[in-house]
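For reference, the chains in residue letters:
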Amino acid sequence: MSLSAFKRALWVFHVPTGSCNGCDIEIVAALTPRYDVERFGIMLVGTPRHADVLLVTGTVTRPMAERLRRIYEQTPDPKAVVVVGGCGSTSGVFYESYNVAGPVDEIIPVDVYVPGCPVRPEAIIDGVVKAVAKLERPVAKERT
Amino acid sequence: MIVQMIWQSAAVVLGGLLLGLVYKGLDRKLAARMQGRIGPPLRQPFLDVRKLMVKENVVPRDAVPWLFHAAPILALVAAATVLLYLPLGGLAPVLTGRGDLILVLYLLAVPAVAMALGGFAAGTPFSAVGAQREIVMMMSYEFPLAVVVVGIVWRTATLGHSPAFSLAVVSGTPLWSLVGPLGVLGLALLLLCLLVVTPAELSKIPFDIPEAETEIAGGLLVEYSGVNLALFYLADALKTVAMGALVVALFIPYGLAGVFGLEGLVAGIVDVAFFLVKVFAVVFASVTVVRVAMARLKVDQVARGFWIPITTAALAGLVLLILDKAVVG
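Calculation rules
- Residues numbered from 1 in each chain as written.
- Chains lettered and ligands numbered in written order.
- Predicted model: local features only at pLDDT ≥ 70, side-chain atom pairs only at ≥ 80, totals over all residues.
- Helix = DSSP H or I, 4+ residues; strand = E, 2+ residues; numbered from the N terminus.
- Rg over C-alpha atoms; globule rule 2.2 N^0.38 Å.
- Buried ≥ 20, exposed ≤ 12 C-beta atoms within 10 Å, placed from the backbone.
- Contact = placed C-beta atoms within 7 Å.
- Expected span 1.5 Å × (residues − 1).
- Bend = angle between axes of the 7 residues up to and from the residue.
- Nonpolar A, V, L, I, M, F, W, Y, C, P; charged D, E, K, R; others polar.
- Core = buried A, V, L, I, M, F, W, Y, C linked by C-beta atoms within 7 Å.
- Pairing = 2+ DSSP bridges.
- Axes fitted to C-alpha atoms, helices over the stretch in contact; angles between N-to-C directions.
- Parallel < 35°, antiparallel > 145°, perpendicular 65-115°, else oblique.
- Left-handed = near helix turned anticlockwise from the far one by under 90°.

Asks: Quick one: what's the story with the overall build of chain B, residue by residue and with numbers?
Replies: The helix and strand inventory of chain B stands at twelve helices and zero strands. For chain B, the succession of helices and strands along the chain, N to C, is α-α-α-α-α-α-α-α-α-α-α-α. In terms of overall dimensions, chain B is globule-like: its C-alpha atoms have a radius of gyration of 20 Å, near the 20 Å expected for 329 residues. When the backbone C-alpha atoms are referred to their principal axes, chain B occupies close to 60 × 45 × 45 Å. Buried positions account for 50% of the 329 residues belonging to chain B. In chain B, once contacts between residues fewer than 6 apart in sequence are set aside, the share between residues at least 24 apart is 80%.

Asks: Now, about the overall build of chain A: what can you tell me, with residues and values included?
Replies: Scanning chain A from terminus to terminus reveals four helices and seven strands. Secondary structure elements of chain A occur, N-terminal to C-terminal, as β-α-β-β-β-α-β-α-β-β-α. In terms of overall size, chain A behaves like a compact globule, its C-alpha atoms giving a radius of gyration of 15 Å where 144 residues would be expected to give roughly 15 Å. Overall size of chain A, expressed as C-alpha extent along the three principal axes, is 45 × 35 × 25 Å. Of the contacts made within chain A by residues no fewer than 6 positions apart, 82% connect residues no fewer than 24 positions apart.

Asks: Outline helix H11 (residues 264–293) of chain B, supporting the account with residue identities and numerical values.
Replies: All names here are of chain B. With 30 residues, H11 should cover 44 Å at 1.5 Å per step; its first-to-last C-alpha distance of 43 Å lies within 8% of that length. Along its length, H11 reaches its greatest deviation from straightness, about 40 degrees, at Phe-284. Taken residue by residue, H11 has Asp-271, Phe-275, Leu-276, Lys-278, Val-279, Val-282, Val-283, Ser-286, Val-287, Thr-288 and Arg-291 as its buried positions.

Asks: Lay out the interface of chain A and chain B in plain terms, naming residues and giving numbers.
Replies: Where the parts come together, the accessible area they lose is often given as the size of the interface. At the junction of the two partners, chain A supplies 18 residues and chain B supplies 27 residues. Among the residues making up the side of chain A that touches chain B, the classes are represented as eight nonpolar, four polar and six charged.

Asks: Give a detailed account of the nonpolar core, specifying residues and quantitative values.
Replies: In summary, soluble globular proteins display a tendency toward joint burial of nonpolar side chains. Formed by 99 residues in total, the largest nonpolar core has its most connected members in Ala-75, Ala-79, Val-82, Leu-86, Leu-234, Leu-238 and Ala-242 of chain B. The element best represented in this core is helix H9 (residues 226–251) of chain B, accounting for 19 residues. Judged by nonpolar contacts, the second largest core, of 42 residues, contains Ala-9, Ile-27, Leu-55 and Val-132 of chain A.

Asks: Can you tell me about the sheet that holds strand S7 (residues 112–114) of chain A, naming the residues and giving the values?
Replies: Residue and element names in this part refer to chain A. One open sheet holds the five strands; their spatial order is S2-S1-S3-S5-S7, and the pairing between them is parallel. The open sheet terminates on both sides in strands that have one partner only, identified here as strand S2 (42–44) and S7. Adjacent strand axes in the sheet meet at a mean angle of 25 degrees when their direction is disregarded.

Asks: How would you sum up unusual backbone geometry? Please name residues and give values.
Replies: For the peptide bond that leads from Asp-77 of chain A to Pro-78 of chain A, omega is -10 degrees, which places it in the cis range. The topology assignment puts Pro-78 of chain A in the loop between helix H2 (62–74) and strand S5 (80–84). Of note, the bond from Ile-205 of chain B into Pro-206 of chain B is cis; its omega dihedral lies within 30 degrees of zero at 5 degrees. Within the secondary structure, Pro-206 of chain B is located in the loop between helix H7 (181–201) and helix H8 (213–216). Residues other than glycine seldom take positive phi values, yet Asp-36 of chain A does so here, at roughly 45 degrees. In this structure, Asp-36 of chain A sits in the loop between helix H1 (22–31) and S2. On the basis of neighbour counts, which here come to 18 C-beta atoms within 10 Å, the residue Asp-36 of chain A falls in the partly exposed class. Notably, Ser-91 of chain A is not glycine yet its phi reads approximately 80 degrees, a positive angle. When you line up the elements, Ser-91 of chain A lands in the loop between helix H3 (86–90) and strand S6 (100–102).

Asks: Would you mind going over the packing of helix H5 (residues 125–158) of chain B against H7 of chain B in detail, with residue names and values included?
Replies: Residues and elements named next belong to chain B. In contact at an axis separation of 9 Å, H5 and H7 are set at 150 degrees when each is read in the N-to-C sense. Comparing their axes, H7 and H5 come out roughly antiparallel. As for the relative orientation of H5 and H7, their crossing is left-handed in sense. Residues Met-137, Tyr-141, Pro-144, Leu-145, Val-148, Gly-151, Ile-152 and Arg-155 of H5 touch H7, and the partners they reach there are Gly-183, Leu-190, Cys-193, Leu-194, Val-197, Ala-200 and Glu-201. Tallied by class, the residues present in the contact of H5 with H7 amount to eleven nonpolar, two polar and two charged.

Asks: Tell me what's going on with the environment of Phe-207 of chain B, and back it up with residues and numbers.
Replies: Residues and elements named next belong to chain B. Structurally, Phe-207 can be placed in the loop between H7 and H8. By C-beta crowding, Phe-207 is classed as buried, having 27 other C-beta atoms within 10 Å. Counting along the chain gives 85 residues from Phe-207 to Ala-122, while the straight-line C-alpha distance between them is 22 Å.

Asks: I'd like a rundown of the environment of Ser-91 of chain A, residues and numbers included.
Replies: Residue and element names in this part refer to chain A. C-beta crowding within 10 Å serves as the criterion here: with 20 such atoms nearby, Ser-91 is assigned to the buried category. It is 26 Å that separates the C-alpha atoms of Ser-91 and Leu-135, two residues lying 44 residues apart in sequence. When neighbours within four sequence positions are excluded, Ser-91 is seen to be in contact with Thr-59, Val-100, Gly-102 and Pro-103.

Right, here's the structure in full:
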């Protein structure tokens, strides 16, 4: 059985680590009838244990840093991390703020960055699809 | 004989799994269409299971490992065993025995108990809350379910069909045409109660309080991942078929082959196909439509709802059947 299993069956878990709710609303928008990500097999799940991809929104506040690390460790392998929004990618307007532990990639390894403030649902879907490609890559390496 | 039975059992369980996953796919597709979405492809549940098989199987630090691993297997085996006792269209059940209907009732409770056990064994607050809710749900819906079954069995027995509590006898005598008008009313009430119990038995919206993704993050499945989660997923698929088949066996055990005067292999195929349609109709009416139209109930609403209105309705159905016996004989 290969990792191409993720191609049409991807369960994502949404981790808000201190976002303004803008990106979170756009993630919800991707589930609505207009975008309907379920038709690609992408499903929002309620626990990191069921997740294949973590969608992290917002720059990481100090209290959330430890939680984010734990959520990442709780997610079963193979997994990918998609950062949604400018704040999570670079800290955005909260750059070097006193209560910010840093952008997401300073806390956990990140696979895909989706910039935007807030990002559009199309961009989120594109980011998740790129994450699938990342999930499948280790197997491709083994084959060659 | 034994070898043949093993082959038959394997065929029924595999067929049930396939069918359960197809029904799950249909359910998701139709629910999406009702919400104005395109929805996942029909084979989505198969893809989900395949993906779960690849994932890491995490056991939490505070879990009781043997119980944590045993629970999904227990759930799957119990759900598969129920299917072996149920008549599937024109096919006779693989296993039969004295009072097999009572056994089916108990076996239907086992997957829920297994899920609760797994939830407690995971040793985390969300799963413990989910497990407690599952137990509360079971205590609520088991009584109306038992009343429905007892009502049907009692009326069948009073019409001179024995032995009582035999699924073969109950599904061999469709009561609708044998009872008077009061009896038909009673049967309709019992059918309604059973259709309300079905989504609760399957933990679907509005009775998905043990899982409740948005409030307790997946409830009793919260710590499950990988193969164990896939086993629960398959157990759920099998249980869907089993519940549908139980409703069909109790209330609509009609075949088409007799109507068209078919015989032999053709009759078997027609009856099995008609059976699949009936099971689908039951699942569609009591799971898909309800879950799209309603939101999740609170646990106290479910407990009160089953204990007072649904139990009353079921008992009223039973009383109507008793009156029918007094009038019609």
